[in-house]
Amino acid sequence: MYKVISGIFQQYVYTVIWGIFQQYVYKVIFGIFQQYMYKVIWIYSRKCSSISPLFGYGTDYGDSIVENLDKLKEVDLKHHVPFFGRKYRTAYISVDGLLGFSSETSYRQIHYSAGPDDPTKDVPFVGPFHYHGDKPSDSRSYQGEIFYRLITDRHTLDDFSVYVLNSTVGHHSFRPAVALQVTWVNVTDALSLEDEGCSAVRGTANQCPSVTFQIVFVASTKHSYIFINYERMAIPLHPYYQAGFNGGDGLGWKSILPCDPPSCSLTLNDLPDLQGSDVIGRYVFDLSGQQIRRGGCIPTELAGDNLLEFYPKFASLLGGQMLNISGTCIPAQASVKCKFGSDPHTTVTEGIVVNSMLARCPVPRLSQRGATEITFSVDGGRTFRHKSTITIVRMGNIPRTVKPQQDGPRRRWNETDADELRITWHASRISYNQHVLLDIKLIGFRETQTEVIWKVIKTLGEGIPNAGTFSFLPSQHRCAGEDCHLFEIGVIEAQLRPEYWTQSNTDVAVSYGIIPLGWFVGDAMKSRYGDNWVVDKCLEWYSEDKKDMSWLDDLLHCPCTLEQALADFGRWQPDVGCSIYNKKPTNCHYHIGAIHCVRSFQPTKRGSGNQCCYGPDKMLKYAADSYQGSTPDRSHDWGAVPYNRPGHVPSASHWLADVITFYYCCLWTNYEHCDYYMDQRPTRDCIGYRPPKAGIAYGDPHLRTFDEQKYNFGGKGDFWLYRSQHIKIQGRFDIRQQTFNFSGFNTTVLTGVAMVEENGQVVEIRLAPPNLMSGNRLQVLVDHTSTYFIYEPLRTQNYKGVSVMTNEGKHHLGRHSNFTVLFKSGVGILVAENSSLLHVTVNLPPQYKNLRTPSGGLLGTWMDKSNYFTAADGSTVSVSAPPGDIYRRFGLTWAVHKEESLFQKAVSVDSQFVPTFSSPSIPPGASFSEHDVHVLCGDNTQCRFDYLVTGDKRTAEATIKSSQWFDALRTFQQPAEVCGLLDVPRSIKDNYNYSRGSTVVVMGCRNGGTVEGEATHTCIKDDGGNLVWSPDVKGHCTASTKALSNGMIAGIVVAVVVLLGIGFAVAVVLYIKRNKDEKSQGEGKRESEHGEADAMMSDLEKRAADTD
């Protein structure tokens, strides 16, 4: 039967259609073709096995029988295929219900969901039923059998491929190279024989209860899937009987059961009767990556978290992406809907059914970012059961699919008098069928005192073919009615009509924004205000905005220097729109003359943020001195929690409060009224800035404390790196194998770090197992669940009380080797891997200095430099005490008790372990000499120690580089000697160097007035040791007499940019040192003003270029 059906299928469907039109057929008439292929497989499985979910098995199908049940059956898979993120060529069939990828595979008394206590027993396996299998001495009379077959024929593999594509999400094609089918038939367990006295001999009375189940492991060299079929599960269950997948080496466990007690009462015995796909008793999983993903479906009555699988895992705040969803069994004629968000801020979208296991739902336009709940309904929205979490990304953090075409004057989207406007988009993202029809819509955004509003305010084109381009005449699409006075900004959207959604590709709508709506409301504004309406709008905003400027008091003070800004990575992060890491020609387009800008990472309680920019002299640029200086934001560009309320919507609120107003006062008035804007957005003076203090653990291992002490630490187990009333940081130290054959060195390395701030989620970062397909060097877990940063839009991920960001370059995200963890308090923790060693740098903000509540750990406390270490009980040990005393009386006291552990699996401190404290001699047979050590390490004792105890030059190199990097970091974190802004409003100065010893002369007023008062000032240290201007600054400019210069550029970032972190490598240090002795060109003179106005007016074009 199988060969007949398979032959017909291959000859007439696969060969003719799949081979020739694969891409076209799959994407254009996906529904019809997929349904047909899906039914072929379904009919095959059901007809050949009656009501059993099993695929055909036995010797008639070419199966072999495992003869010796007392041993693992080794199978060569012929290819290196993936499982749980690593590749294997050999599989092992076990009587214990396992398909293993290690020769140590066997039943063990381990709860794999909690992880083995002994790492050597944490081996990779597929466990359809992990149980104590019976191993009869005479297998010939045994009632059970194990059949297996390696499948390589193309017909069968293609059949399996079709089934995979119809039951899983995430891949649009799959061409397997091999499949391994294993069927355990009527097998028994040893515990039943012992407990019940039954017989496992074929044909006898009182036979033992048995199980029959099957797996089909289908794989290519890149992807692998598995079908698990249960026909009978009658064996009595015991505590260690489980069903799931174990990754081995700490990669984790995935249960086959969709839910575990107490959330539901399911047991392994229920697996044959539960619908796990289109067939009762069958379960489908994607085994390719480091996260096992469930395919198939689960009945809606089994409600549970994370049962939905969908792709992609992230979407833009503007919505439009089409999610492919599996996980919920969909009844015939079902009406499916998806709900995004949590009450009271939810949005429901209408979905489409692909088959009984797959559906699709569009992502709606939202007003929040980060982790967003998604729930699924199959009854038209009456009930929403299965749920999961999707990451919503700020609109600027996702690749643009619509581009505004800036075709010269009066053809730009940011003009007030455009004659013609045009957009282009990637038509294939919407559909491969160019004949589907779209509507082009203008969507406005506004806020009231209590709500945020997105509204379609104009349909610019109806029934437009999906040709990838659209143009129109603004004169034919002017606003009318009250909307003209309510909406100032918006989004342009090309939306596929709902009747064509079944032909959609990755999106049903593509958008561009935010854009100013001057071209749309201009005529109405002229009718209301007159020809100078933009000036009136500026003055109207100015009068309203200045009523409450108290929000400025909540802002962080800007760091005074670029070095300080880079070193304070817990509170400030680079703005890639103006960054020393950005090599694009449009870099610092909004801050001409600057080389780098940073933004405060955390918004204030009111949702505001700060931005600070630095010139070639690496000093802070003030908004009072130029229009390209540092300006704060009343609404943080990245939004603020709680979202969905006025002033807190990512990017959109920022545009309303800080950007469109810049157009009114600066861009659209040729800068004649730009001082109004700068008066309302003054730079937060750096005179109040206080740098953080850093401590570090690195190498084999070495620690440098917050109060600037150094020591070697060799403890084994989990220790407190730092703890206080508000934050907890733990480190795990374990033995590392030396690279040369010499015993006697008891040394450990830092292998993991776990951290949490009060009421937040726990973040754990640890060294990853070797040989991962992804190349990941570190594993990141949030609340003990693995998370990944392999997509650019997911570079920064936000959780309760904490954010985690990768510092990898755009093309190296797979390395997973460098992360910054940022807490709300401003604590920043940099975790990096180098030469299989973990390096952890902790930045404490100033409020952690001289705490009155107990604090400390292996990294000490932040006090003025002390000459002692403080133990956990408050006792002290002199820094000059012998290393053994420091270890016993200080180090061991900071052991983490098991009940205090933040790690996924607690490891107790080995108090009997005695570390190697001093550098040994070079052992006999070593491949290096004393000369090699001296050349590399010089007088660095930590480098020398690591070279001698590991014999590894790379380890020693990593140690000395970390030491040098930390020395530079400490230098950067020193207070700057500056007097702050020489505050003579609207003045012109001969230079802008406000550091100690500098003299600044006020030369005139940029409004054409004259300077009254003293014009020359010097930054000095007074008798009290304070840096002050001498004489006191009392000068001011007289009233304006003429227009402002039209060449000054505002220091505000209106681009929506991707967040980058400070890297661990010494690149930044080298960059600063390379430029340290360079004098900035034109220092003491105004930056060139030539062409600046034109540069600003073409901002949308350059923003688009930044995303290419």
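Residues numbered from 1 in each chain as written. Predicted model: local features only at pLDDT ≥ 70, side-chain atom pairs only at ≥ 80, totals over all residues. Heavy atoms only, no water.

Caption draft 1: The sheet that holds strand 23 (residues 387–393), seen in detail. One open sheet holds the five strands; their spatial order is 16-23-22-18-19, and the pairing between them is mixed. Either end of the sheet is taken by a strand with one partner, and the two such strands are strand 16 (314–316) and strand 19 (345–350). The sheet shows a mean angle of 35° between the axes of neighbouring strands, taken without regard to direction. As paired strands, strand 22 (residues 370–377) and strand 23 are joined by six bridges and run antiparallel to one another. Bridge pairing links Glu373 to Thr389 in strand 23. (Pairing = 2+ DSSP bridges. Helix = DSSP H or I, 4+ residues; strand = E, 2+ residues; numbered from the N terminus. Axes fitted to C-alpha atoms, helices over the stretch in contact; angles between N-to-C directions.)

Caption draft 2: Spotlight on the pairing of strand 30 (residues 509–516). In terms of burial, strand 30 is a largely internal element, eight of the eight residues being buried. Taken together, the seven bridges between strand 29 (residues 489–496) and strand 30 define a ladder with antiparallel strand orientation. Note on strand 30: the bridge partner recorded for Gln495 is Ala509. (Buried < 20%, exposed > 50% of the residue type's maximum accessible area, 1.4 Å probe, protein only.)

Caption draft 3: Structural view of the pattern of salt bridges. For the coordinates displayed, the defined rule picks out 46 salt bridges. Between Asp483 and Lys455 there is a salt bridge, and its shortest N-O distance comes to 3.1 Å. Of the two residues, Asp483 is situated in helix 6 (residues 483–486) and Lys455 in strand 27 (residues 452–465); the sequence distance between them amounts to 28 residues. For Asp483, a relative accessible area of 16% corresponds to the buried category. Overlapping salt bridges, with partners in common, bring together Asp545, Arg634, Asp658 and Arg681 in one network. (Salt bridge = Lys/Arg side-chain N within 4 Å of Asp/Glu carboxyl O.)

Caption draft 4: How the structure looks around the state of the cysteines. Applying the stated rule across the entire model yields 13 disulfides. Between the sulfur atoms of Cys297 and its disulfide partner Cys329 the distance amounts to 2.1 Å. Across the S-S bond linking Cys297 and Cys329, the dihedral sits near 85°, which makes this disulfide right-handed. One end of the pair, Cys297, is in strand 14 (residues 297–298); the other, Cys329, is in the loop between strand 17 (322–328) and strand 18 (337–342), and 32 residues separate them in sequence. Like Cys329, Cys297 is buried. (Disulfide = S-S within 2.5 Å.)

Caption draft 5: Representation of the confidence of the model for the protein. The pLDDT averaged across the protein works out to 87; a share of 88% of its residues lies at or above 70. Every residue in residues 1–50 is under pLDDT 50, and counting partners more than four places away or in other chains gives 83 contacts. Low pLDDT, under 50, characterises residues 1041–1108; the predicted model gives this stretch 205 contacts beyond four residues in sequence or across chains. (pLDDT = per-residue confidence, 0-100. Contact = heavy atoms within 4.5 Å.)

Caption draft 6: Seen up close, the packing of helix 7 (residues 518–529) against helix 8 (residues 533–545). It is at 9 Å that the axes of helix 7 and helix 8 come closest, and there the two elements cross at 85°. Judged on the interaxial angle alone, helix 8 and helix 7 are roughly perpendicular. Residue-level contacts link Gly518, Gly522, Met525, Lys526 and Tyr529 of helix 7 to Trp533, Asp536, Lys537 and Glu540 of helix 8. Tallied by class, residues from the contact of helix 7 with helix 8 come to three nonpolar, two polar and four charged. (Parallel < 35°, antiparallel > 145°, perpendicular 65-115°, else oblique. Nonpolar A, V, L, I, M, F, W, Y, C, P; charged D, E, K, R; others polar.)

Caption draft 7: Just the sheet that holds strand 46 (residues 828–834), in detail. Overall, antiparallel pairing links the eight strands, which are arranged 36-35-34-47-46-45-44-43 in an open sheet. Edge positions in the open sheet fall to strand 36 (710–712) and strand 43 (796–799), since each of these has one partner strand only. Across the sheet, the mean angle separating the axes of adjacent strands is 15° when strand polarity is ignored. Taken strand by strand, helix 15 (residues 953–972) contacts strand 34 (693–698), strand 35 (702–704), strand 46 and strand 47 (837–844), and its axis lies near 175° from that of strand 34.

Caption draft 8: Representation of helix 10 (residues 652–665). For helix 10, spanning 14 residues, the distance from its first C-alpha to its last is 19 Å, which sits close to the expected 20 Å at 1.5 Å a residue. Taken as a whole, helix 10 carries its principal kink of about 35° at Asp658. Within helix 10, 14 of the 14 residues are buried, which leaves the element mostly enclosed by the surrounding structure. (Expected span 1.5 Å × (residues − 1). Bend = angle between axes of the 7 residues up to and from the residue.)

Caption draft 9: Representation of the side chain of Asp286 in the model. With respect to the helices and strands, Asp286 occurs in strand 12 (residues 282–286). The buried category is assigned to Asp286, whose relative accessible area is 4%. A polar atom in the side chain of Asp286 sits 2.8 Å from the side chain of Ser288. In this view, Asp286 contacts His171, Ser224, Tyr225, Gln291, Ile292 and Arg293; residues no more than four positions away in its chain are not counted. (Polar contact = N/O pair within 3.5 Å; in protein donor to acceptor, adjacent residues only side chain to side chain.)

Caption draft 10: Up close: the nonpolar core. The biggest cluster of nonpolar side chains holds 90 residues, and the ones touching the most others in it are Phe376, Trp425 and Trp519. The greatest single-element share of this core, amounting to nine residues, is contributed by helix 10. (Core = buried A, V, L, I, M, F, W, Y, C linked by side-chain atoms within 4.5 Å.)

Caption draft 11: Quick peek at the packing of aromatic side chains. Inspection of every chain in the model, using the stated rule, returns 53 aromatic pairs. For the pair Phe445 and Trp454, a centre-to-centre distance of 4.7 Å together with 55° between the ring planes defines the contact as tilted. Accessibility expressed as a relative area gives 0% for Phe445, which makes it buried. On the basis of relative accessibility, which here comes to 18%, the residue Trp454 falls in the buried class. Look at Tyr622 and Tyr994: their rings are 5.6 Å apart centre to centre, the planes differ by 55°, and that puts the pair in the tilted class. Note that Tyr622 is positioned in the loop between strand 33 (611–614) and helix 10 and Tyr994 in the loop between strand 50 (987–989) and strand 51 (999–1005), a separation of 372 residues in sequence. Here Tyr622 falls in the buried class, since its relative accessible area comes to 4%. Tyr994 gets classed as buried once you look at its relative accessible area, which sits at 4%. Connected via pairs of aromatic rings, a cluster forms that spans Tyr107, Phe129, Tyr131, Trp184, Phe213, Tyr230, Tyr241 and Tyr283. (Phe/Tyr/Trp six-rings, centres within 6.5 Å; stacked < 30°, edge-to-face > 60°.)

Caption draft 12: Structural context of helix 14 (residues 941–950). Counting buried positions over the 10 residues of helix 14 gives eight, a clear majority of the element. Taken together, the buried positions of helix 14 are occupied by Gln942, Cys943, Phe945, Asp946, Tyr947, Leu948, Val949 and Thr950. At its buried positions, helix 14 is contacted by strand 34, strand 35, strand 36, helix 13 (930–937) and helix 15. For helix 14, the N-terminal cap is Asn940; the gap from its side-chain oxygen to the backbone nitrogen of Gln942 is 3.1 Å. In the stretch just after helix 14, Gly951 is the one whose phi turns positive, near 70°.

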